[in-house]
Every structure is written in structure tokens, then in C-alpha cells.
Amino acid sequence: MKILARLGAWLYRTNARNPAQWLIDWFHGGATTDAGMSITEDSALEHTPFWAAVRLISGSVSSLPLKTYKRVNEGKEENSNHAASLLLHGRPNEYMDAMTFIETRQAHSLVYGNGFAEIQRDGAGRPIALWPLLPNKTQRLMSEGGIPYYEVSSDKFNTVQLPDYNVLHIKGLGFDGYTGYNLVSYHKNTIALGKSLKKYASKFFGNGARPGGILEHPGLLDDEAAKRLRDSWNDIHSGLDNAHRVAILEEGMQWKQAGISPEDAQCLESQKFSVTDVARMFNVPPHMLADLDRATFSNIEEQQLSYYTTTLLYWLKKWEGECNYKLFTPSERTRLFVEFKMEGMLRGDMKSRTTYYSTGRQWGYLSVNDIRALENMNSIGDEGDIYLDPGNMKKAGEAPPEPPAPAPPVKDEDDEEDERARKIIAANHTMLSTLCGRVIRKEQGALSKAKTQAAIRAFYNTHRDHVCMVLSPCVETLAASLDARGFDVTKYMANFVTTHISPGKDASKHDPDVWANEIITDCIKYGDNHAGN
């Protein structure tokens, strides 16, 4: 009864006197065009620029990693164990990999305006597989109650209805917001023109790349004789393989060559504009469809970046929005999301990247490990997480920072010795301040990453020894320069780290200049108290 009802509905909409457009197109093998050529989605792909554009965009989208992330306080971190990650970055189903799945859905979206996939879920509502649906057999409908659903037709006139939340739908431009427009249907005349020009050129070169001519016979030929003569001539001289062959004319016949007309020449030249039309249709730079007429070495990189930020970004946002809504539960959407990684494609040339990295390192918003990650290199450990602080920068509206307190003067009676001591203190102060700043930044960075108290305690158990190892050589040099004989550097540093470095201290208030002044002052006091001993 369902089949009869559907057939009745079709017959009601169309009849022999007033056939619907879909019925006309079905008999013609596709939508008719002004060029007299029928165009379907499959035949459109026979047009070389159209095929190249679809393959370019679908290949670009599918080659980018689509990762699943979890939101954290300092940004995001990858969550590779979630079902969405396993489907979009691994295998969406047992028959295809993620790249093939995304490439096919994207190609459907470009040609048909819509790419569909059924979301298979387990008993808990979690996605466990993504199954491709053919766009010419899937349509989005609206129930009488205003609830959207999808109807999928099979080859046996059966239909299956799927709820909206169980269909992944990547759609292109469409004014109703529910479905995308069929690109082939809207641009059939442009595609037909390009194919017609290609067909004309093929026939032109099929005749030996020479236009037609006239065989003139001195006598009168009947229709049958004229047909045999024409067919015999074409069999011998048509086609590129037969070009420039010697012709033998009998019975006084003459060959009169017809020159190539300006219209023919212009028609052959117009083929290049078909590439531009398709490039405009897909918003793709012409040089990426092998049209290099206007491409130069100075602008091709800018066009490449423009392709990524305009053409690709549009489709990437479509994918991210649909996946984030339908592959996560309402409670998961606040903390989980999927996102394409475009860093690799957006990288410029080596000179531009070097300039960017140098600037980021100098101004403190990139660490060594950040730069290595952008270059797809492994981390060098905690030392690579240090961020540099520009010494001449301050927050807007703040007063200039107070200069560091001067080191206490050396109580020396001899002016020459006093000057020598000042130079020693100044040199060691710079070195100590630098080293103190390094260990302070390491402590601050580790605390920002630590998630538990156990992790914090484990860090401090090793960090105190690290501070002693970094500062002790400089303190020994300072004590020897100030003649602080008998100064126990090991004991002093043990007391110093116990006083300043512990979980109970506020690491954000550590000041390297204050630490350096304290160490210098303690060395001077020790030298004064033990002078002459």
C-alpha cells in the first residue's frame, strides 16, 4: 500500500500533458541546457576543471587531522579515547578509513549540495559507527509536527526514515537552512558550455587538426556515390594518426581547403575561460586548477593561503559544527569538541616561519617546545617550557617598575679594593639574578601544569636539588671573590631552598633580584664576620 500511495502521489504531481521537470530530465538522462547537452552529477565530473575542483577541495578537507579535544583551564588537550575521535580520526566503519569517509561526504556536498551519513549508536546513545548515505536517495523532510527527519530510498522502492539526530549532514549553501543547493543543477549551463567546447576541440583535432574542405568532382554523382566518396575520404584522412598523409585524387577531382574561421579559433581559445568559471563556482584560485595565466612567484603563496582561509575554512567550520552537535551528548558539548588542525597547511616559507618564531621567542609568547611542536618536533623536556620576559615591557597604565635595590656597600678602607668589590658584586648580581629567574620560571610553569597535590609534592622533592645544582657554582665563585673563607655553600643553599621553596610559598611572588641581593648580602656579612680568621 505504501508503494501504491507513493506512485499515486507521483502521478498526481505529473502527467503526460504536464510532465514535471524531474520526469523530463529522467527521460533525457539529465537536466537539459542551452547548449543542447544533458548534464547530470556524474556527467559533470567528466568536465576536467569540475573534477579537479571537487577532488582538490575534498582531498584537502580529508587530509587534515580532525581531532577531539577536551576544554581545560589553560586551553585544550587532546582526547583520543572518545568515540568521536575513534570515528573521525580512525575508522568510521569497518569498510573505510576516516580519510575516505570524509573525502566522499565532502565530494557529495560539493556536487549535490549535501553529504549524508547515518550515525549508528549503542544502547547508551554513544556513536559507534558512521555509515555513508547516497545524496540522490536521501532527503531531509519535515513532519506535520515540525520535526525534521530524513527519508532514505532503497533500490527496491522501500524507504527508511531516520531521526534528525542520527544523520550527519554536511550541507552547502541553501536559503532554507535545511538543505544545500545542487551545484550541478544551478550551474548546468556553465558546465555544459565547458564540455561542449571540449567536444568541439576533440572533433576539430579528430579531423587532423584541420577544418573541413570540399572535394570537387567534374562529373555528376548520385547520392550513393557521393556518400561512398565522403566515407572513403574520412576513413583515410580523419584523425590525428592520419594527419599529413598523401591524398590521391582520381577522375579529375580537386580538394579545396576551407580556412579556419575566426569563430572556430575563438571557440578553441574560450576553453581556458571554462576553467575560470569553475574556479569561480568553487571559490578556488585558478592556479590550483592548473590555470597559470595570472599566477606569478610573488602572488602564488598569497593565493595559496587565501584558499586555506576562505575556501577550506568555510567547509571545515561546516564539519566542526555538525560533528560537535550530533556526536556529543548535551552534557558533553560544554567540555568536548572536534577541530581540524590547520597549522601544517598555514605554515609559510622557512624565512617567514623563522621570523615569526624569533619574534614569539623574544616577546615571550612562544617557548622552545612551542616552536618545536609547530615544526612537528619532539619536546626537549621541562627546560623547553621556559618563556622569556622582555625586560623593557610593562602593562599599560602601570608605573615603570622600581629598579632593583642596590647591593650593600663593601666595608673596605682601601678605595681600590672597594671599587674591585663593587665590580665583583655587579657581575655576580647579574649572573645570580638570571639563574634565579630561570629556576623561578620553572617552578611557576610546573605549578600551572600540576593537577594534584601529589604531583606538586613530587615536583618540589626534585626541584630543591635542581635549584642547589644551578645556583651553587655561582655562589661558590662569589664567596671566593669576596674572600669569604670557610663559607659552606652546601649548607647555605640547603637553608636557602628550605626557606624560599616549598608548597606553602606563593611562587608567583618570587623575585630573582631579591634572591640575588639576599645571597650577595649573606656572603658579604659572612666575610666581614670572619675577616682575619
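Small disclaimer: the values here were computed from a predicted structure and weren't measured. (Residues numbered from 1 in each chain as written. Predicted model: local features only at pLDDT ≥ 70, side-chain atom pairs only at ≥ 80, totals over all residues. Heavy atoms only, no water.)

Undergrad: It is not clear to me how the overall build of the protein chain should be interpreted in this structure. Could you clarify?
TA: Counting its secondary structure elements, the protein chain contains 19 helices and 11 strands. Considering only residue pairs separated by 6 or more positions, the protein chain has 63% of its internal contacts joining residues 24 or more positions apart. Here the protein chain has roughly 32,700 Å² of accessible surface; of this, 54% comes from carbon and sulfur atoms. (Helix = DSSP H or I, 4+ residues; strand = E, 2+ residues; numbered from the N terminus. Contact = heavy atoms within 4.5 Å. Areas by Shrake-Rupley, 256 points an atom, 1.4 Å probe, with all protein chains shown as cover.)

Undergrad: Can you help me understand the packing of aromatic side chains in this one?
TA: Each aromatic ring pair is specified by the distance between its two centres and by the angle formed by the two planes. Taken as a whole and judged by the stated rule, the model has 12 aromatic pairs. With a centroid separation of 5.4 Å and an interplanar angle of 70°, the aromatic rings of phenylalanine 459 and tyrosine 460 are classed as edge-to-face. Relative accessible area serves as the criterion here: at 15%, phenylalanine 459 is assigned to the buried category. Put simply, the rings of Phe487, Tyr492, Phe496 and Trp515 touch in pairs and so form one group of aromatic residues. (Phe/Tyr/Trp six-rings, centres within 6.5 Å; stacked < 30°, edge-to-face > 60°. Buried < 20%, exposed > 50% of the residue type's maximum accessible area, 1.4 Å probe, protein only.)

Undergrad: Please explain the sheet that holds strand S7 (residues 159-163) as it appears in this structure.
TA: Backbone-to-backbone hydrogen bonds join strands into a sheet, with any given pair of strands oriented parallel or antiparallel. Reading across the sheet, the three strands line up as S5-S6-S7 and stay open at both edges, with antiparallel pairing between neighbours. Each edge of the open sheet is held by one strand with a lone partner, namely strand S5 (138-142) and S7. Going across the sheet, the axis of each strand differs from the next one's by a mean of 30°, ignoring polarity. Sheet topology note: the S5/strand S6 (residues 148-153) ladder contains five bridges and is antiparallel. Paired with leucine 141 across the strands is tyrosine 149, a residue of S6. (Pairing = 2+ DSSP bridges. Axes fitted to C-alpha atoms, helices over the stretch in contact; angles between N-to-C directions.)

Undergrad: What am I meant to see in the pattern of salt bridges here?
TA: Any two side chains of opposite charge can pair, so long as their charged atoms come close to each other. Following the criterion strictly, the structure yields 10 salt bridges and no others. For glutamate 339, the salt bridge goes to lysine 76, with nearest N and O atoms at 2.4 Å. Of this pair, glutamate 339 sits in strand S11 (residues 336-340) while lysine 76 sits in strand S2 (residues 75-78), placing them 263 residues apart in sequence. The exposure class assigned to glutamate 339 is partly exposed, which follows from its relative accessible area of 24%. By sharing partners, the salt bridges in this structure join Arg140, Asp164, Glu322 and Lys326 into a single network. (Salt bridge = Lys/Arg side-chain N within 4 Å of Asp/Glu carboxyl O.)

Undergrad: Help me understand the environment of glutamine 106, please; the structure alone is not making it clear to me.
TA: As for its placement among the helices and strands, glutamine 106 is situated in helix H6 (residues 98-111). The sequence separation of glutamine 106 and phenylalanine 116 amounts to 10 residues, and the corresponding C-alpha distance is 9.4 Å. Setting aside residues no more than four positions away along its own chain, glutamine 106 makes contact with Ile57, Ser58, Val61, Trp315 and Trp319.

Undergrad: Explain the pairing of S6 here, please?
TA: Hairpin geometry of S5 and S6 is characterised by an intervening segment of five residues between the two adjacent antiparallel strands and by a positive phi of about 80° at glycine 146. Two strands pair when backbone bridges link them, and S6 and S7 are joined in this way by five bridges, in the antiparallel orientation. What sits directly across from tyrosine 150, in S7, is leucine 162. Between S6 and the antiparallel strand that follows it, S7, lie five residues; phenylalanine 157 among them carries a positive phi value of about 65°.

Undergrad: Which parts of the structure should I look at to understand the packing of helix H18 (residues 489-500) against helix H19 (residues 512-529)?
TA: Think of two packed helices as two axes; the pair is described by the angle between the axes and how far apart they sit. At a minimum axis separation of 13 Å, H18 and H19 run at an interaxial angle of 145°. Considering only the axes of H18 and H19, their crossing is right-handed. Residue-level contacts link Tyr492, Phe496 and His500 of H18 to Trp515, Glu518, Ile519 and Asp522 of H19. (Left-handed = near helix turned anticlockwise from the far one by under 90°.)

Undergrad: I'm lost on the environment of glycine 115 in this one. Help?
TA: In this structure, glycine 115 sits in strand S3 (residues 114-121). Between the C-alpha atom of glycine 115 and that of histidine 169, which follows or precedes it by 54 residues, the distance is 5.7 Å. Beyond its immediate stretch of four places on either side in the chain, glycine 115 contacts Arg105, His108, Ser109, Leu168, His169 and Ile170.

Undergrad: Honestly, the environment of asparagine 517 in this entry has me stumped. Any pointers?
TA: Tracing the chain through its elements places asparagine 517 in helix H19. The exposure class of asparagine 517 is buried, given its relative accessible area of 13%. Taking the C-alpha atoms as reference points, asparagine 517 and leucine 432, separated by 85 residues in sequence, lie 8.7 Å from one another.

Undergrad: Any chance you could explain the confidence of the model for the protein chain here in plain terms?
TA: In regions of low pLDDT, the predicted coordinates are not meant to be interpreted in detail. Here the protein chain shows a mean pLDDT of 77. Residues at 70 or above account for 71%. Confidence drops under pLDDT 50 across residues 1-14; counting only partners more than four residues distant or on other chains, this segment forms eight contacts. (pLDDT = per-residue confidence, 0-100.)

Undergrad: Which parts of the structure should I look at to understand the sheet that holds S11?
TA: Pairing is antiparallel across the open sheet formed by three strands, whose spatial order is S2-S1-S11. On the outer flanks of this sheet lie S2 and S11, each paired with one strand and no other. For this sheet the average axis-to-axis angle between neighbouring strands, irrespective of direction, equals 45°. Here strand S1 (residues 66-72) pairs with S2 via four bridges, running antiparallel. If you follow arginine 71 over to S2, its bridge partner there is lysine 76.

Undergrad: Teacher, can you tell me more about a nonpolar patch on the surface here?
TA: Together, Tyr356, Trp363, Tyr365 and Leu374 make up a nonpolar patch on the protein surface, roughly 390 Å² of accessible area in all. Mapped onto the fold, tyrosine 365 is located in the loop between helix H14 (350-362) and helix H15 (368-374). Taking relative accessible area as the criterion, tyrosine 365 reaches 42% and is therefore assigned partly exposed. (Patch = residues over 30% accessible without salt bridge, like charges linked within 9 Å, V, L, I, M, F, W, Y side chains within 5 Å.)

Undergrad: It is not clear to me how the nonpolar core should be interpreted in this structure. Could you clarify?
TA: Across soluble globular proteins, you tend to see nonpolar side chains buried next to one another. Of all hydrophobic cores here, the largest spans 52 residues; its most connected members are Phe50, Val61, Phe282 and Trp319. Ignoring any residue separated from it by four or fewer positions in sequence, one finds phenylalanine 50 in contact with Ala44, Leu45, Val111, Leu183, Val184, Ile191, Val278, Met281 and Phe282. Core analysis: the next-biggest nonpolar cluster, separate from the first, contains 33 residues, Ile456, Ala484, Phe487 and Tyr492 among them. (Core = buried A, V, L, I, M, F, W, Y, C linked by side-chain atoms within 4.5 Å.)

Undergrad: Is there a simple way to think about the state of the cysteines in this case?
TA: Within this structure, the stated rule accounts for zero disulfides. Cysteine cysteine 474 shares no disulfide, and the gap to the nearest cysteine sulfur, in cysteine 436, comes to 8.2 Å. The class of cysteine 474 is buried, set by a relative accessible area of 8%. (Disulfide = S-S within 2.5 Å.)

Undergrad: In this structure, what is going on with H6? I would like to understand it.
TA: Side chains three or four residues apart in an α-helix point the same way, a direct result of the helix having 3.6 residues per turn. Across its 14 residues, H6 extends 20 Å between first and last C-alpha, which sits within 8% of the 20 Å expected from 1.5 Å per residue. Buried residues dominate H6, accounting for 10 of its 14 residues. When H6 is considered as a whole, its buried residues turn out to be Ala98, Phe101, Ile102, Arg105, Gln106, Ala107, His108, Ser109, Leu110 and Val111. Just past H6, the residue glycine 113 takes up positive phi, approximately 90°. (Expected span 1.5 Å × (residues − 1).)

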